[in-house]
Amino acid sequence: MDPAHAEELSEEDARGVARVVQKLRKARRVLAVTGAGVSADSGVPTYRGVGGLYRSDRLTPTGFTIEEVLSGPMFEVRPDVTWTYLKEIERACRGVRPNRGHAVLAEMQDHFDAVWVLTQNVDGLHGAAGSRHVLDVHGDLHEIRCTACPHRDRVVNYDGLGDPPECPRCGAVLRPDVVLFGEMLDPAKIRRLEAEMARGFDVVFSIGTSSLFDYIVAPLRIAQAAGKTTVEINPDETAMSGLVDVKIHARAALTLDRIWEGYMEWWPHT
Ligand code: OAD
């Protein structure tokens, strides 16, 4: 069966889960690096792959690729165009709820000294599930800020926002507090990540990401160089698949549920 839809783990993946449980028993600090695949189990489309928002054959009616319309340079000159596609992403995230994968990462917090989540997702679902240490390096779609003045607002959805929306205080164009293509990451979040990496993580997960960006892959490489455990949970292969200690070819929610089941079977008896 297609691992992206399977209801049960293959024998090989179940063995991988057992190895991860063994490692977690001795772990004190855990990092989960997450991407769109974690939210796929909540019904949010991924960016790439089947059903993804960024189909390579897809040019927008403006003749640009989706990555071009969602870029900082495009926003500078045609914020209305960028907003059209930001609204599409917001609609895809609307009304979705955290799934078992998000919930397990939040539950882990009661069992380890520290559980950090480094996510590329802009849907806010890790925070909604209760994760307290979330570094959302690509921002949050629901945080709106003015491009000219300090005005900020948190919105539930984009209903009623103009094309493009304007600041109620100064009239300049508003934007979501997300990182568009070609823009820099928030240095404060990167500094925090580096500080936590310096303290070390015993187990580092890569979950539901195509691992395209250096800053997403770096924590796994650093953990591996330090002799720590690295795990990838993704039905597909990525550039990290051959490098991690444990590769699990299954859905994030199913795999994290089984990992947690295994861990909790052991935990009360210590
Ligand atoms: P992608 O859409 O590139 O990759 C999603 C990954 O999740 C793929 O490797 C899928 O195989 C995997 N996947 C799909 N369903 C899954 C499931 N149920 N469980 C586990 N894995 C599953 O998404 P990201 O890697 O998050 O950037 O993309 C990174 C960034 O690219 C995004 O944050 C966004 C995008 O352009 C910005 O907006 C700046």
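Since this is a predicted model, take the numbers as computed values, not measurements.

Undergrad: I'd like to hear about the overall build of the chain, residue by residue, with values.
TA: Counting its secondary structure elements, the chain contains 10 helices and nine strands. Over its C-alpha trace the chain gives a radius of gyration of 19 Å, about what one expects of a compact globule, namely 18 Å for 270 residues. Seen through its C-alpha atoms, the chain measures out along the principal axes to roughly 60 × 40 × 30 Å. By the burial criterion, 50% of the 270 residues in the chain qualify as buried. Sequence-distant contacts in the chain: of pairs separated by 6 or more residues, those separated by 24 or more amount to 65%. As displayed, the chain offers around 13,000 Å² of accessible surface, 51% of which is attributable to carbon and sulfur atoms. In the chain, 31 side chains carry a positive charge and 39 a negative one; their mean positions are 5 Å apart.

Undergrad: Summarise helix α10 (residues 252-266); cite the residues concerned and give the values.
TA: Compared with the 21 Å implied by 1.5 Å per residue over 15 residues, the 21 Å span of α10 between its first and last C-alpha is a close match. Along α10, the residues classified as buried are A252, A253, L254, T255, L256, D257, I259, W260, G262 and Y263.

Undergrad: Go over the sheet that holds strand β9 (residues 246-248), please, and point to the residues and values.
TA: An order of β3-β2-β1-β7-β8-β9 is seen for the six strands of this open sheet, with the pairing classed as parallel. Each edge of the sheet is formed by a strand with only one pairing partner; in this case those strands are β3 (134-136) and β9. For this sheet, the mean inter-axis angle between neighbouring strands, taken without regard to orientation, is 15°. Pairing geometry for strand β7 (residues 203-207) and strand β8 (residues 229-233), over five bridges, is parallel. By the bridge assignment, S206 is partnered in β8 with E232. Across the sheet, helix α8 (residues 187-199) is in contact with β1 (29-34), β2 (114-119) and β3; its angle to β3 comes to roughly 135°.

Undergrad: How would you sum up the site of the ligand? Please name residues and give values.
TA: Within the structure, the ligand sits among 22 residues, and R48, H138, T209, S210 and N234 are positioned closest to it. The separation between an oxygen atom of the ligand and a polar side-chain atom of S210 is 2.5 Å. Taken by itself the ligand offers 790 Å² of open surface, and the protein chains cover 91% of this. Tallying contributions element by element places helix α2 (residues 36-40) first for the shell around the ligand, with three residues.

Undergrad: Which residues make up α8, and what values do they have?
TA: Here α8 contains 13 residues, and its C-alpha end-to-end distance of 19 Å stays within 8% of the 18 Å for a straight helix at 1.5 Å per residue. Here α8 has its buried residues at L193, E196 and M197. One side of α8 carries all its buried residues, which in axial view fall inside an arc of 105°. For α8, the exposed residues set more than 90 degrees away from the buried face come down to R191, A198 and R199.

Undergrad: Can you explain the sheet that holds strand β6 (residues 174-178)? Please cite residues and give values.
TA: If you trace the three strands from one edge of the open sheet to the other, you get β5-β4-β6, paired in antiparallel fashion. At either end of the open sheet lies a strand with only one pairing partner, and these are β5 (152-154) and β6. The average angle at which neighbouring strand axes cross in this sheet is 35°, direction not considered. For strand β4 (residues 139-146) and β5, the ladder comprises three bridges, and the chain directions are antiparallel. Within the sheet, the bridge partner assigned to R145 lies in β5 and is R152.

Cut-offs and rules
Residues numbered from 1 in each chain as written. Predicted model: local features only at pLDDT ≥ 70, side-chain atom pairs only at ≥ 80, totals over all residues. Heavy atoms only, no water. Helix = DSSP H or I, 4+ residues; strand = E, 2+ residues; numbered from the N terminus. Rg over C-alpha atoms; globule rule 2.2 N^0.38 Å. Buried < 20%, exposed > 50% of the residue type's maximum accessible area, 1.4 Å probe, protein only. Contact = heavy atoms within 4.5 Å. Areas by Shrake-Rupley, 256 points an atom, 1.4 Å probe, with all protein chains shown as cover. Lys, Arg positive; Asp, Glu negative; His and termini not counted. Charge placed at Lys NZ, Arg CZ, Asp CG, Glu CD. Expected span 1.5 Å × (residues − 1). Pairing = 2+ DSSP bridges. Axes fitted to C-alpha atoms, helices over the stretch in contact; angles between N-to-C directions. Near = heavy atom within 4 Å. Polar contact = N/O pair within 3.5 Å; in protein donor to acceptor, adjacent residues only side chain to side chain. Arc of directions from axis to C-beta.

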